[in-house]
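Structure at a glance
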Amino acid sequence: MTLLWRLTKLLALLLVLVAIGLSAPVVYVETMCRGTGMPQPYDALIDPAHHRPESRTLMTYPEWHIVHAYEDYAKVVRSGDPHDYGFLRGIGGFWSSLCALSQRAADHGDIDGSTKQMVYVIGVSFTAELALKGAYEETLGRLFATLRGPQRAPLDDLSAKQSAAYATFLQQVPWYKWPFREDITDLNTNASPVLRDRERRLALGLEYRAKAAYADVIAQAVAEVGQDQLTLRMIVTGANTQQLSGYKGVRVVKERPEGVEIDAPRYRALTHLIQQMAADQVTLVEIAGNDDILFTALSARQSEPGALYSRARQGFGDYRHLIPVKVRDLVARLRQMESSDLTLEHIHDY
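Residues numbered from 1 in each chain as written. Predicted model: local features only at pLDDT ≥ 70, side-chain atom pairs only at ≥ 80, totals over all residues. Heavy atoms only, no water.

**A few points about the nonpolar core**
The biggest cluster of nonpolar side chains holds 49 residues, and the ones touching the most others in it are W95, L98, L101 and L308. Of all the secondary-structure elements, those providing two or more residues to this core are α1 (2-32), α2 (56-59), α3 (61-79), α4 (87-105), α5 (113-148), α6 (154-169), α7 (180-190) and α8 (195-225). If we ignore the near neighbours within four places in the chain, the residues touching L101 are L58, M59, Y61, P62, L294, L308 and L322. V236, V250, F295 and I347 belong to the second largest nonpolar core, which has 33 residues in total. (Core = buried A, V, L, I, M, F, W, Y, C linked by side-chain atoms within 4.5 Å. Buried < 20%, exposed > 50% of the residue type's maximum accessible area, 1.4 Å probe, protein only. Helix = DSSP H or I, 4+ residues; strand = E, 2+ residues; numbered from the N terminus. Contact = heavy atoms within 4.5 Å.)

**A closer look at the state of the cysteines**
Taken as a whole and judged by the stated rule, the model has one disulfide. The side chain of C33 participates in a disulfide bridge whose partner is C99; the two sulfur atoms lie 2.0 Å from each other. What sets the handedness of the C33 and C99 disulfide is the S-S torsion sign, and at about -95° it is left-handed. Taken together, the residues span a long stretch of sequence, with C33 in the loop between α1 and α2 and C99 in helix α4 at a distance of 66 residues. (Disulfide = S-S within 2.5 Å.)

**A word on the environment of W178**
In this fold, W178 is placed in the loop between α6 and α7. Here the alpha-carbon distance between W178 and M118, two residues 60 residues apart in the chain, equals 20 Å. In this structure W178 touches Q162, A165, Y166, F169 and D183, once residues within four positions along its chain are discounted.

**Overview of a nonpolar patch on the surface**
Together, L3, L7, L10, L13, V16, L17 and I20 make up a nonpolar patch on the protein surface, roughly 700 Å² of accessible area in all. Mapped onto the fold, V16 is located in helix α1. (Patch = residues over 30% accessible without salt bridge, like charges linked within 9 Å, V, L, I, M, F, W, Y side chains within 5 Å. Areas by Shrake-Rupley, 256 points an atom, 1.4 Å probe, with all protein chains shown as cover. Salt bridge = Lys/Arg side-chain N within 4 Å of Asp/Glu carboxyl O.)

**Focus on unusual backbone geometry**
The residue Q281 is not glycine, and still its phi comes out positive at about 65°. Take Q281: it is sitting in the loop between α10 (268-279) and β4 (283-287). Positive phi outside glycine occurs at A288, with the angle close to 55°. Positionally, A288 belongs in the loop between β4 and β5 (292-299).

**Quick word on the sheet that holds strand β6 (residues 309-312)**
Pairing is antiparallel across the open sheet formed by four strands, whose spatial order is β6-β7-β5-β8. The outermost strands of the open sheet, each flanked by one partner alone, are β6 and β8 (343-348). Across the sheet, the mean angle separating the axes of adjacent strands is 25° when strand polarity is ignored. The pairing of β6 with strand β7 (residues 319-326) spans four bridges and is classified as antiparallel. In the strand pairing of β7, S310 is matched with H321. (Pairing = 2+ DSSP bridges. Axes fitted to C-alpha atoms, helices over the stretch in contact; angles between N-to-C directions.)

**Focus on the environment of A167**
Mapped onto the elements, A167 comes out in helix α6. Residues A167 and M234, spaced 67 residues apart in sequence, show a C-alpha to C-alpha distance of 28 Å.

**Structural notes on the packing of aromatic side chains**
Counting across every chain of the model gives twelve aromatic pairs. Ring geometry for F94 and W95: centres 4.9 Å apart, planes at 75°, overall edge-to-face. In this structure W95 comes out as buried when scored by relative accessible area, which is 9%. Between W175 and Y214 the ring centres are 5.6 Å apart and the planes differ by 40°, which places this aromatic pair in the tilted class. (Phe/Tyr/Trp six-rings, centres within 6.5 Å; stacked < 30°, edge-to-face > 60°.)

**Some thoughts on the layout of surface pockets**
In this structure, the largest pocket encloses a volume near 1900 Å³. What lines the largest pocket is a set of 49 residues, among which E63, I122, W175, Y176 and I218 lie closest to the centre. Every element with two or more residues in the lining of the largest pocket is listed here: α2, α3, α5, α8 and β8. In terms of residue count, α5 provides more of the lining of the largest pocket than any other element does, 13 residues in total. Class assignment for the residues of the lining of the largest pocket results in 28 nonpolar, ten polar and eleven charged. (1 Å grid on protein atoms, 1.4 Å probe; cavity = no way out; pocket = protein on both sides within 12 Å on 5 of 7 lines; lining within 4 Å. Points joined across faces, edges and corners; volume = space filled by probe spheres on them. Nonpolar A, V, L, I, M, F, W, Y, C, P; charged D, E, K, R; others polar.)

As C-alpha cells, then:
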C-alpha cells in the first residue's frame with residue numbers, strides 16, 4: 001500500500017510538472033509580450049460581413065510555423081536521422097515568434113479571444129508532440145540509429161518520404177485530413193528484418209496511431225462547429241473582370257469605383273494567386289477589409305530591414321523573415337524582390 005501511495009504521489013508530481021512546463025510559455029506570452037502600439041483607423045471598402053480581424057494576419061503565422069517545422073524536419077531526415085533535428089529549437093521558434101507577433105498585434109487592434117485560444121492550444125499541442133518525439137529520438141532512437149551504422153534502413157528512407165509529403169500536404173489542407181493509417185500500412189509493407197526497421201516500425205507506428213486517433217477527434221469537432229471559410233474578399237485594380245475570372249479559384253463579385261471586388265482562395269493558393277497578379281501588373285487595394293498584411297520571405301541574411309522577426313531554418317542554411325507591409329504596397333514589394341536575393345515564401349491572409 002505504501003509503495004502504491006508513493007507511486008501515486010510521484011505520478012501526480014510528474015503531471016503537475018508537465019502541466020507547469022506546458023503552460024509556462026503561455027503565461028510568458030500573456031504577461032511579457034504585450035504591445036504598446038495603437039491601431040491606425042482605416043475605413044474598409046467591402047461589406048462588414050466579409051471583414052476579418054486584421055491582427056489575424058499575424059496570428060496565422062504560429063500555425064504556419066508548425067507547418068515549417070515539419071518541413072524543416074523533413075529536410076533534415078532526408079539525408080540524416082531524426083535526432084539531427086533540433087526539437088527544442090522548433091519549440092522555441094514557435095513561442096519566440098508568437099511573442100514578437102503578439103507585441104505587434106497591438107498596432108492592429110490586438111488579438112480576439114477565440115484566435116488567442118486557438119494559437120495557445122496548437123502551441124501547447126505542438127510543444128508536447130515535439131518534446132515527446134525529441135525525448136525518444138534523442139535516446140532510444142539515437143541508440144538504434146547508432147547500432148544500425150551509416151547505412152540507412154528502408155524505413156529511414158520511407159519515413160523521410162512520408163515526412164516530406166506530409167509537410168507539402170499541410171500547406172493547403174488541415175493536418176487531421178492526412179491518412180496516417182495508410183502510413184502505418186506502408187511501414188508494415190516495406191519493413192525489412194533489420195533491427196532499425198523493426199524499431200522504426202514500432203516507434204513510428206505508435207506515433208501514427210496516436211495522431212490518427214487524435215485526428216478523428218478533431219475532424220468530428222470541426223464537423224460540428226463548421227470549417228473556416230476557404231475564400232476571402234479582395235479589391236484589385238489593373239485588370240478587367242474577364243482577366244480576373246481567368247485566375248484559378250477567383251470569382252468576380254462586382255465592379256466598384258475603387259476597383260473590382262473578387263472572391264479569392266485562401267492559404268497557399270492565395271500566395272500563388274498574388275504572385276500571378278503581381279506578374280500581370282494587377283494591384284491590390286484591400287484584402288478582407290484590411291490595409292495591412294504579413295508575408296514571410298527567405299534569404300541568406302540573418303536579418304532583413306522591416307522584418308519584425310527572423311530565424312534560421314533547420315536543414316536549409318538560410319533564414320526566414322516575417323515582414324509586415326501595406327496591402328497596397330505588397331505587389332510592388334514582390335516585384336522588387338524579383339531583382340534581389342529575398343525569396344517570397346508565403347503571404348499570410350486572415
